[in-house]
Amino acid sequence: QVQVVESGGGLAQPGGSLRLSCVVSGNIFNVAAMGWYRQAPGKQREFVANIIGDDRRNYGDSVRGRFTISRGDAKNTASLQMSSLRPEDSAVYSCYADVQPAYGTVPIDYWGQGAQVTVSS
């Protein structure tokens, strides 16, 4: 069994900051990548950011330069630091992890429960 648990998010004012964290636990050989997608009501799911391996980072166009993704030393944790927040950043943010359960296996995506981020004055 693999679990992905998110924390953080909440309410921020425009221009403010919030942080999301994600922890993967369970039957894990390797966590190949971690990242976030978001979805606002009535909109399609949107890629936010991911980190592959130790330091290959990718960002969606709408958050590049404002959000920063990082992984912890234990490699089973990730954080998303969100700055210069805008009302259009409001959404449910879902963390995912590409997990190899054993050596040589194909990574499987596991998802967290989602965290609400609301940006409003």
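Please refer to the structure placed before this passage.
Summary of the structure given here. (Residues numbered from 1 in each chain as written. Predicted model: local features only at pLDDT ≥ 70, side-chain atom pairs only at ≥ 80, totals over all residues. Heavy atoms only, no water.)

## Quick look at the sheet that holds strand β3 (residues 18-26)
Strand order in the open sheet formed by four strands is β1-β3-β8-β7, with antiparallel pairing between adjacent strands. Every interior strand has two partners, whereas the edge strands, β1 (2-8) and β7 (67-71), have only one. The sheet shows a mean angle of 15° between the axes of neighbouring strands, direction not considered. Relative to strand β8 (residues 77-82), β7 runs antiparallel, the two sharing five bridges. Pairing of I69 across the sheet is with L80, part of β8. (Pairing = 2+ DSSP bridges. Helix = DSSP H or I, 4+ residues; strand = E, 2+ residues; numbered from the N terminus. Axes fitted to C-alpha atoms, helices over the stretch in contact; angles between N-to-C directions.)

## Remarks on the packing of aromatic side chains
Enumeration according to the criterion identifies five aromatic pairs in this entry. A centroid spacing of 5.8 Å and a plane angle of 55° characterise the contact between Y37 and Y96, whose relative ring orientation is tilted. Of this pair, Y37 sits in strand β4 (residues 30-39) while Y96 is found in strand β9 (residues 91-100), placing the two residues 59 residues apart along the sequence. For Y96, a relative accessible area of 7% gives the class buried. The structure contains a cluster of three or more aromatic residues connected by ring pairs, namely Y37, F47, Y96 and W111. The lysine or arginine in question, R45, covers the ring of Y37, its NZ or CZ lying 4.6 Å from the ring centre. (Phe/Tyr/Trp six-rings, centres within 6.5 Å; stacked < 30°, edge-to-face > 60°. Buried < 20%, exposed > 50% of the residue type's maximum accessible area, 1.4 Å probe, protein only. Lys NZ or Arg CZ within 6 Å of the ring centre and 35° of its normal.)

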